[in-house]
Amino acid sequence: MRTSALLTFLLMPVVAIGFEVVGTSGARAEIVLDADAPAPVVHAAAELRHWVKEITDVELPIGDGKSGLPNKICLTVSQEVLDKYPQKSQFLAGNDGFGVSLDGSVLYVFGTQPKGVLNGVYELLFLNTDIIWARPNLEFGTLFTKRSNLSFTVTDWVDKPCYLMRGWQTRYGATDVEFNWAVRNLSNWSSYSTMKTQPLNDKCGMLKEAYFGHNVTGLYITPEKYFDKHPEYFCEINGKRVRPTGAHRSQLCFSNQDMIQDFIKEFDRLVDAWPGSEMYGVFAEDNYDRCRCKSCEADILLPDGKVLKSDSSNFYSTRFFLFVNQIARHAKQKYPGIKVSTYGYFFTEIPPAIPVEDNIVILLCPITKNVKYPVTSPKNKTTFNKMQGWLEKTSNIIICDYYGLTRVYPRPADLSVAADYRYQYERGIRYTHSEIMSDGVNRTDPERDLGIKTWDGNSIYYWVMSRLAWNPYQNPYELRQIYLNRVFSEAADDVKRYLDITEYVWHKNGEPSFWSTEPDHSWNTMCILDLVDEAKEALNRAKSRKLSDKSRKMLMALVKGLEDNPVLEFNQLRKEIESNLQSHPEKYVNLLKNSRFEELRPIVEGKAPLDWTVSVFEHWNFWKDFSYGTAGYSTNETDNSKAASMTGVEHAFYIQTLPVKEGEKYFTRCKTKLEQSPDRAQLTARWQDDGHRWVCVAYNRDFYPHEVKYGEWQEYKGFFVVPKGATKLTLLLGTRNAKGTILFDDVELYRIQD
Ligand SMILES: [Zn+2]
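Predicted model only: the values in this text are computed from it and were never measured. (Residues numbered from 1 in each chain as written. Predicted model: local features only at pLDDT ≥ 70, side-chain atom pairs only at ≥ 80, totals over all residues. Heavy atoms only, no water.)

Caption draft 1: View of the overall build of the protein chain. The number of helices and strands found in the protein chain is 21 helices and 34 strands. A compact globule built from 754 residues would reach a C-alpha radius of gyration of about 27 Å, and the protein chain, at 28 Å, matches this within 12%. Projected onto its principal axes, the C-alpha positions of the protein chain cover 90 × 70 × 50 Å. For the protein chain, buried positions account for 58% of its 754 residues. Within the protein chain, contacts between residues separated by at least 24 positions form 72% of all contacts whose residues are at least 6 apart in sequence. Distance between charge centroids for the protein chain: 1 Å, based on 91 positive and 96 negative side chains. (Helix = DSSP H or I, 4+ residues; strand = E, 2+ residues; numbered from the N terminus. Rg over C-alpha atoms; globule rule 2.2 N^0.38 Å. Buried < 20%, exposed > 50% of the residue type's maximum accessible area, 1.4 Å probe, protein only. Contact = heavy atoms within 4.5 Å. Lys, Arg positive; Asp, Glu negative; His and termini not counted. Charge placed at Lys NZ, Arg CZ, Asp CG, Glu CD.)

Caption draft 2: Inspection of the nonpolar core at higher detail. Judged by nonpolar contacts, the single largest core of 172 residues is most densely connected at I73, L75, F263, F267, F323, F488 and M526. Residue contributions to this core peak at 11 residues, all from helix α15 (residues 448-470). By size, the runner-up hydrophobic cluster in this structure holds 37 residues, among which are V616, L683, V697 and L729. (Core = buried A, V, L, I, M, F, W, Y, C linked by side-chain atoms within 4.5 Å.)

Caption draft 3: Structural context of the packing of aromatic side chains. Counting across every chain of the model gives 55 aromatic pairs. Over the face of the ring belonging to W506 we find K372, whose NZ or CZ atom lies 5.1 Å from the ring centre. (Phe/Tyr/Trp six-rings, centres within 6.5 Å; stacked < 30°, edge-to-face > 60°. Lys NZ or Arg CZ within 6 Å of the ring centre and 35° of its normal.)

Caption draft 4: The arrangement of the pattern of salt bridges in detail. Summed over the entire model, instances satisfying the criterion amount to 53 salt bridges. A salt bridge links D96 to R166; its shortest N-O distance comes to 2.7 Å. With D96 in the loop between α4 (86-91) and β6 (98-103) and R166 in the loop between β10 (150-159) and β11 (167-170), this residue pair connects regions lying 70 residues apart in the sequence. For the pair shown, D96 and R166 are each scored as buried. The partner of D358 in a salt bridge is K332, with the nearest N and O atoms 3.1 Å apart. Remark: K332 occurs in helix α12 (residues 315-334) and D358 occurs in the loop between β18 (339-344) and β19 (360-364); sequence separation between them is 26 residues. (Salt bridge = Lys/Arg side-chain N within 4 Å of Asp/Glu carboxyl O.)

Caption draft 5: Summary view of the coordination of the zinc ion. Protein-derived ligands of the zinc ion are C253 (SG), C291 (SG), C293 (SG) and C296 (SG), with the metal-ligand distances lying across 2.2 to 2.3 Å. Bound by 4 donor atoms, the zinc ion shows angles of 106 to 114 degrees at the metal and therefore tetrahedral coordination geometry. The exposure class assigned to C291 is buried, which follows from its relative accessible area of 3%. (Donors = N, O, S within 2.8 Å, 3.2 Å for Na, K, Ca; no water. Tetrahedral: all angles 85-135°; square planar, octahedral: opposite > 155°, others 65-115°.)

Caption draft 6: Structural context of the environment of Y423. Relative to the assigned elements, Y423 resides in helix α14 (residues 414-426). Taking the relative accessible area as the measure of exposure, Y423 reaches 18% and is therefore buried. Residues contacting Y423, with those up to four places away along its chain left out, are V375, T376, F384, M387 and Q388. Side-chain polar atoms of Y423 contact the side chain of Q388, separated by 2.5 Å. (Polar contact = N/O pair within 3.5 Å; in protein donor to acceptor, adjacent residues only side chain to side chain.)

Caption draft 7: Quick peek at the sheet that holds β19. Within the open sheet, the 7 strands sit side by side as β12-β11-β21-β20-β19-β18-β15. Their pairing is parallel. The sheet is open, and its two edges are formed by β12 (189-190) and β15 (279-281), each paired on a single side. Strand direction decides the pairing type here: β15 and β18, joined by 3 bridges, are parallel. Bridge pairing in β18 places G281 opposite S341. Packing of α14 onto the sheet brings it into contact with β20 (397-404) and β21 (431-436), and relative to β20 it is tilted by some 175 degrees. (Pairing = 2+ DSSP bridges. Axes fitted to C-alpha atoms, helices over the stretch in contact; angles between N-to-C directions.)

Caption draft 8: Broad picture of helix α6 (residues 176-184). Within α6, 7 of the 9 residues are buried, which leaves it mostly tucked inside the rest of the structure. The positive-phi residue at the C-terminal boundary of α6 is L186, with phi of around 75 degrees.

Caption draft 9: The packing of α15 against helix α20 (residues 549-563), seen in detail. In contact at an axis separation of 7 Å, α15 and α20 are set at 115 degrees when each is read in the N-to-C sense. Judged by the twist between their axes, the crossing of α15 over α20 is left-handed. In contact with D456, G457 and S459 of α15, α20 contributes M554, A557, L558 and K560. Within the contact of α15 with α20, the residues separate by chemical class into 3 nonpolar, 2 polar and 2 charged. (Left-handed = near helix turned anticlockwise from the far one by under 90°. Nonpolar A, V, L, I, M, F, W, Y, C, P; charged D, E, K, R; others polar.)

Caption draft 10: Layout of the sheet that holds strand β34 (residues 741-752). The strand order across the open sheet built from 5 strands is β25-β26-β34-β28-β32, with neighbouring strands paired in antiparallel fashion. In this open sheet, the two edge strands, each paired with only one partner strand, are β25 (630-636) and β32 (713-721). Taken pair by pair, the neighbouring strands of this sheet meet at an average axis angle of 35 degrees, ignoring direction. Lying on the sheet, helix α21 (residues 566-583) is in contact with β28 (665-674), β32 and β34; it crosses β32 at an angle near 115 degrees.

Caption draft 11: Main features of the state of the cysteines. A full pass over the atoms with the stated rule returns 0 disulfides. Residue C235 stays outside any disulfide, its sulfur separated by 5.2 Å from that of C291, the closest cysteine. (Disulfide = S-S within 2.5 Å.)

Caption draft 12: Spotlight on the confidence of the model for the protein chain. The share of residues in the protein chain with pLDDT of 70 or more is 95%, and the mean pLDDT across the chain is 92. Note on residues 1-10: pLDDT is under 50 here. Beyond four places in sequence and across chains, it has 12 contacts. Counting contacts from residues 606-611, a segment whose pLDDT is below 50, to residues more than four positions away or on other chains yields 9 contacts. (pLDDT = per-residue confidence, 0-100.)

Caption draft 13: Highlighting the side chain of S190. Looking at the secondary structure, you find S190 in strand β12. Residue class for S190 comes out buried when judged on its relative accessible area of 2%. One polar contact links the side chain of S190 to the main-chain amide nitrogen of Y192, over a distance of 2.9 Å. Excluding residues that lie within four positions of it along the chain, S190 makes contacts with W168, F179 and M206.

In structure tokens form, the structure reads like this:
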């Protein structure tokens, strides 16, 4: 059924006789612009000139066609040219696709939107040369073969995107280099799209969104302006109105009508301050805080006469949309044509029990999706059901995914991404963007090194995903091959062999892959499956090939992931340490207090900060993200001693902290018993600096066994080096998304002397 529609999509480029751009005597073509060419078309001309010069060392003139050169490349959105090619123009109506047509000595690159012409220029270069914008890195991220002359042979085609919004939200905001990488790979949305003044948006014809990001108390009803006068506008938790702080911006009391009237005033003020955007964001804060006041917890009478009780899973979402609907109705009246955007995330990822206004756009964030499998897989049933619920409610959906939030392991999520994009497209979704790691040598954010290392191993997948957002019906394996050939040339097969191994290992390890999944387990699995040597051999073969400077740098970045890899190194070391511990226990001191959980103390509830409670175990704090689940103690039947337990907690840890110094090495292990599948536990090491900020590292945080067992005690262990800047170690025993009981016992932490 889809096939016929798709055939028109895939109107393949037709190879014509060469259109000469640069010859032995220099420039053979002029780039021609209309006098009133819009900014993105002017930028398209500058980009075409720039890249042709990079490739050939020859600069093409940009003018009005009077240069006297034999050929012209005419970049245009003019109706006259669109009318000349009615079939192609019709195909391009309402999208930022492009047409390319050759008429004698004039090559037209045209679109119905200026951004379409810019996309057309990038594709003209991509299809007629071997250029690839492989990663944002300025020094070696764009690769092409130098040549002294250039003819375009692909000069007649038309193409349009499946997704009308495509792009990446970069961690800690984009840089120009990251922005350009995305635009050259056909994105029309970026982190810059959420900025009020960013000249590159207009220059490149990007989509824009006003007031993006969590903001109901950060931007609209701020505590500074409202809390003292109207504490009742804010969330009531445990009988008290909570003041949002910089560290934790709690939510509003969404049922308070006076608050909503003030919210509308703030909304008007903010629309006035940022006129001209198509979308204005009203976003819940980034947490599950829920006002428990009487009015918020009161039954909700639904339009069909049914009553929704406060313990229903969609109650809080319904309460929130009763609030947003009011803002949207106001906006519809006062600002016809604009949309109010809001998240389908956390408690609103569950659709409400009421209709949502038709000027509301849902930014649906499937944050618990396991990207090892497409959204349609039974493994992603919960996410799928929520998405289905939303699809039944509205077609105004932007999927905000997490596909680019990877860690330092080559994560081949592109295959699931292709399937997800196809599924969503076929269900009528036309807008999507995803979060991605940053890749910037000049960055100063805490994830700078993590971002670069992640890109070192993942730029192939990020590139393939970018191409898929344009057209998810492309074969991801073929896209990978294009990337390998253009980036690694003679070493393409060797690199492919390496990536095949990492892909095999990733699938073999059984661990679900979320936005925050650490890489340790995948590298450990590579050791367990005894594939490290084979992986090294593949990359050594790649290194032995004759490569250009840039290809070699791209290769060495990938090699670093394997050769400069503490997880693999420690796998070797750990064996030595364990045998030393066995043979010379007197040399090692367990640094943890109450490490066998024998010393109890009474539970004290409700201690600040909000979600901390003091544990029953001396020196161990119990922390949980959500207001349910219990901590306590149980018995370790193997020696009839006490053990720590947690039951039915979604996200919680036992925690002990210790002062540490940069560079110190530690070995840690504990015993863990899981009651029911598919619960998971972890032993985690994290670090803080002097200012209590978390220190971000690329490796070694979550430790758990290769094969998780149930109903029996298992050893969890790991080895780590205290990272730069860290002064405090936080050791955590805990879980995410667990239904049953999890026991911990005999936790050990040893400092290892060199
Ligand atoms: Zn309330």
